[in-house]
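Okay, here's what each chain looks like letter by letter:
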Amino acid sequence: MSTETKCNPDLVRERAKCTFDVNELINLFYGSEKATKERRHFEDAVLAVKELKDAIPEEYLSHKERYENGVRKATILRDVYRDYKAKHNRDPPPNQITKAVIKDISPFLLHNGMFVPTIAGQGTPEQQAEWLPKAESMQIIGTYAQTELGHGSFIRGLETIATYDPKTEEFVLNNPTLTSFKWWPGGLGSTVNHCVVVAQLYINGKSHGIHPFIAQIRDLDTHKPLPGVKVGEIGPKMGFQTANNGFLGFDNFRIPRKNMLMKNAQVLKDGTFVKGINEKLTYGTMVMVRVGIVGDCSFYAALAATIAVRYSAVRHQSHIKASEPEAQILDYLTQQHKLFIAVASSHVYRNAYLWMEKMYTNVMKELSQDKQDNLPELHATACCLKAVCSRDAGSLVEECRLACGGHGYMASSNLPLTYGVTIAAVTYEGERTVLLLQTARYLMKAWMAALKGKVLSPSVSYLLNSLKESKKPWQNTPEGIVKGFQHVSFGKVKAAYETIQKYMKQGKDYEDAWNLASVQLVKASEAHSRAILCEVSWEAVCSSSASPNLSRVLQQLAQLYLTYWTLETSGDLLLYSNITKDDLIILRDKYEELLVAIRPNAVGLVDGFDLRDEILNSTLGSYDGRVYERLMEEALKSPLNQETVNSSFHKYLKPMMEKAKL
Ligand SMILES: CCCCCCCC/C=C\CCCCCCCCC/C=C/C(=O)SCCNC(=O)CCNC(=O)[C@H](O)C(C)(C)COP(=O)(O)OP(=O)(O)OC[C@H]1O[C@@H](n2cnc3c(N)ncnc32)[C@H](O)[C@@H]1OP(=O)(O)O
Ligand SMILES: Cc1cc2nc3c(=O)[nH]c(=O)nc-3n(C[C@H](O)[C@H](O)[C@H](O)COP(=O)(O)OP(=O)(O)OC[C@H]3O[C@@H](n4cnc5c(N)ncnc54)[C@H](O)[C@@H]3O)c2cc1C
């Protein structure tokens, strides 16, 4: 029997309506037919491992059990990765199968995501040769320990100290205050035995700024903390329950000189400090991860959209016309308004990620040739896109959850957990406002350069164009809308700059003027991000190799994104572009037409994300649409349903009722 015949009939009908080839979309989204095949093949291999299946839903486990189960599965998953690599002589293809296995966040996330990359990016060839083979083969397990109780955003203010002792050629690590304790690093709680510790370097009483050091913190055999190390777990959070975030403090803990990662700056045996060409290169891993987070946002938006769109096709409630049967809730335009923007945004973030990945790769290549000219642009762009995409993705996931009504509130929908994980990215790897202010620094510099008529980097060159060109009449085309967002960014950058100047003319120094203008600066960065997201995604769609049928739908999605944000930010456009009220009315109508045009393809579009049921892990979103059956099946797994009468009846309820009779 085919999967289709077992499916909910609404979903079967939806799939029959689709106007494009879903497999073509899948291949386009993931790069090629070969990439799809390899990814699916790897996912099959992982899912074939029986031990990776959970007996009962994670939510019924205690905090400790959940962690232990997470570690158990992470180690099995690690074996599957290793075997794949041994068999195919290459890493497994990019995939999201960890979601199907760990469900929440792997206790190895920081090992793979930041510990290994920091050694690779910040270590000398000798250090890489020493640490990478051990780390990559999991002989050692590590994390990235930067944030402290007292400081996360302002990393120059970190208080962990590494004092060089030339007599023994060692660094002495100390956490002199409570606020200097490392706090947050994933896996630190009970999993890792090593970490990259970011600490203030002191030589002969002189501070030389923050640098990364490798410290072994637990014994490799017993896993006990080494003498001089105080380490533990920080407790339950809004999400990330299995990430095993921890705290760490050192008391005169010695590590050899070679444990300072010295690709950028060095400490020689005699204690001579050799400065790197750019001290900000020490922040390199964060830049890489910020790029990766834009890709993660695409995944989380796709996951939530798949669940909510499929559910909305299956769910019937109320009538659009009294004479007709109860409508699929997906037929309500308000529902389409809530959901289709999540589908469209996933594509936008994916294209933005691919664009950023190229920029990142180019800059890394240039840095390897000692060319740093494009590093500021990379940093500024990664900061603002990470900030805007993560916040938007969080809101989209929450909107999808709300769009599922009461059932969206069930843990088994997987939407609450997905929200907790998605929204964390607004804070980690650089808090949103703080990162937007980093981009604003860059925009202010670009603006000053534009005023002097200098050539600007590609991502901000529109500032110069907007300055040179007089504003042209608004055009209600995608290209016209992209230009409009550039005008908004231009206007906000100019206004923020002029506000700083105004305060300075009033006698304020630059820093105070900056702070007084900072709400505007953040908004300028947001507008700059929106202009990039619109331009990059529209260009990607126009240059795609898709067939006419698919291309039409992808263009509709991209136009939906542009139109949605035009309407959402119409006040800004009225202020800073030549858009008129009449243009906005036309766009409002166009937006509604787009929703109606996308509607028949809604299920096909989310099928095109190719997220299998095990990854969705949702009663509401599975391919076959057996929503109500799954809700009941999951409810029956509750431990409270494994007994007819719970002991609390005899202990508390009955005595209470008896007392009430007296
Ligand atoms: C082919 C590969 C392509 C890439 C593909 C990527 C694949 C990705 C793989 C995986 C992705 C997913 C991985 C999963 C891991 C998830 C981890 C989740 C767990 C979370 C971990 C963490 O949170 S770790 C801790 C993160 N912490 C932060 O982010 C702290 C934020 N704060 C800062 O970064 C800095 O303090 C701040 C930048 C805010 C300020 O620094 P400061 O030294 O005070 O600098 P400032 O005076 O403000 O500016 C001076 C000057 O320097 C410039 N600058 C700052 N930072 C950088 C930088 N990183 N690079 C370059 N330049 C920088 C700044 O702009 C200033 O310039 P000027 O204005 O003076 O010119
Ligand atoms: C789930 C999760 C996982 C994490 N994993 C790790 C990890 O593995 N390793 C690690 O080292 N860290 C980790 N972190 C820590 C994370 O990187 C920091 O929490 C993050 O960088 C924000 O720093 P903060 O907590 O100091 O926020 P704060 O800076 O204290 O932010 C609080 C408020 O102050 C505002 N603010 C701060 N500075 C400024 C400023 N200059 N201008 C304007 N406003 C400002 C912010 O906008 C925010 O509103 C993790 C955090 C989370 C939530």
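About the thresholds
Residues numbered from 1 in each chain as written. Chains lettered and ligands numbered in written order. Predicted model: local features only at pLDDT ≥ 70, side-chain atom pairs only at ≥ 80, totals over all residues. Heavy atoms only, no water. Buried < 20%, exposed > 50% of the residue type's maximum accessible area, 1.4 Å probe, protein only. Helix = DSSP H or I, 4+ residues; strand = E, 2+ residues; numbered from the N terminus. Contact = heavy atoms within 4.5 Å. Pairing = 2+ DSSP bridges. Near = heavy atom within 4 Å. Polar contact = N/O pair within 3.5 Å; in protein donor to acceptor, adjacent residues only side chain to side chain. Areas by Shrake-Rupley, 256 points an atom, 1.4 Å probe, with all protein chains shown as cover. Nonpolar A, V, L, I, M, F, W, Y, C, P; charged D, E, K, R; others polar. Domains from an automatic or database assignment.

K.L.:
I tried to follow helix α12 (residues 415-424) on my own but got confused; where do I start?
P.N.:
Of all ten residues that make up α12, eight are buried, and the element is covered over most of its length. Turning to α12, its buried residues are L415, L417, T418, G420, V421, T422, I423 and A424. Buried residues along α12 sit in contact with α5 (63-88), α9 (284-314) and α11 (375-403).

K.L.:
How should the sheet that holds strand β7 (residues 229-233) be read in this particular structure?
P.N.:
The pairing of strands in a sheet comes from backbone hydrogen bonds and takes either a parallel or an antiparallel form. Pairing within the open sheet is antiparallel, and its three strands lie in the order β4-β8-β7. This sheet does not close on itself; its edge strands, each paired only once, are β4 (182-183) and β7. Here β7 runs beside strand β8 (residues 246-250); their pairing, made up of five bridges, is antiparallel. From the neighbouring strand, V231 faces β8, where its bridge partner is L248.

K.L.:
Before we go on, may I ask you to explain the site of ligand 2 in this structure?
P.N.:
Taken together, 19 residues sit near ligand 2, with Y144, T147, G152, S153 and E431 positioned nearest. At a separation of 3.0 Å, a nitrogen atom of ligand 2 approaches a polar backbone atom of Y144. Backbone polar atom of G186 to an oxygen atom of ligand 2: 3.1 Å apart, as the coordinates give it. For ligand 2, whose free accessible area comes to 970 Å², the fraction covered by protein is 63%. No other element matches helix α13 (residues 432-451), which puts three residues into the shell around ligand 2. Grouping the amino acids of the shell around ligand 2 by side-chain chemistry returns eight nonpolar, nine polar and two charged.

K.L.:
Help me understand the domain arrangement of the protein chain, please; the structure alone is not making it clear to me.
P.N.:
How big an interface is tends to be expressed through the accessible area that disappears when the partners come together. Parsing the protein chain into structural domains produces domain 1 (109-276) and domain 2 (467-607). Computed over C-alpha atoms, the centres of domain 1 and domain 2 are 42 Å apart.

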